[in-house]
Amino acid sequence: QVQLVESGGGLVQAGDSLRLSCAASGRAFSSYDVGWFRQAPEKEREFLAAITWSPGNSVYADFVKGRFTVSRDNAKNTVYLRMNSLKPEDTAVYYCALRDPQPAALETLSSYKYWGQGTQVTVSS
């Protein structure tokens, strides 16, 4: 079993930056792909970014390219999501998730097996 804990969310102003962390425990972290998703009130959960277990390739949703950066530190069992130039529409609960490497696209929400509890990000205008 794997437990995931997100942290780093909070209330910021438009244009600010945040770095979210996703810490894993329970099993070796380095063999999983890791994705970041978010869910705003009354909206579906959406894919943001993901990083593969090896060689650490990353994929981004078009609407975050150039603003968000995903990275991982396998030695610390932690994946990060750096978010720059935040906008009010980025307000949501942010989740990280793990999956076994597989053919399904990294954007596929249903391919992820383990989920964190989420961290709230609120961006004021």
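Above this text you will find the structure in question.
Draft legend 1. Examining the packing of aromatic side chains more closely. All told, the structure shown has six aromatic pairs when counted by the stated rule. With centroids separated by 5.7 Å and ring planes inclined at 70°, the aromatic side chains of F37 and F47 adopt a geometry described as edge-to-face. Taken together, the residues F37 in strand 4 (residues 33-39) and F47 in strand 5 (residues 46-51) connect sequence positions ten residues apart. Like F37, the residue F47 is buried in the burial classification. The ring of W115 has R45 sitting right over it, with the charged end atom 4.9 Å from the ring centre. Positioned above the aromatic ring of Y112 is the side chain of R99, whose terminal nitrogen or guanidinium carbon lies 5.5 Å from the ring centre.

Draft legend 2. Expanded view of the state of the cysteines. In total, this model carries one disulfide according to the counting rule given. Paired through a disulfide, C22 and C96 show a sulfur-sulfur distance of 2.0 Å. Around the S-S axis, the bridge from C22 to C96 shows a dihedral of about 70° and counts as right-handed. Highlighted residues: C22 in strand 3 (residues 18-25) and C96 in strand 9 (residues 92-99), separated in sequence by 74 residues. Judged by relative accessible area, C96 falls into the buried class, the value being 0%.

Draft legend 3. Region of interest: unusual backbone geometry. The backbone phi angle of E42 is positive, close to 65°, even though this residue is not glycine. Here E42 lies in the loop between strand 4 and strand 5. For E42, a relative accessible area of 87% corresponds to the exposed category. In the Ramachandran plot, S85 falls in the positive-phi region, its phi being about 50° despite a non-glycine side chain. Along the chain, the position of S85 falls in the loop between strand 8 (78-83) and strand 9.

Here is what the cut-offs are and how they apply
Residues numbered from 1 in each chain as written. Predicted model: local features only at pLDDT ≥ 70, side-chain atom pairs only at ≥ 80, totals over all residues. Heavy atoms only, no water. Phe/Tyr/Trp six-rings, centres within 6.5 Å; stacked < 30°, edge-to-face > 60°. Helix = DSSP H or I, 4+ residues; strand = E, 2+ residues; numbered from the N terminus. Buried < 20%, exposed > 50% of the residue type's maximum accessible area, 1.4 Å probe, protein only. Lys NZ or Arg CZ within 6 Å of the ring centre and 35° of its normal. Disulfide = S-S within 2.5 Å.

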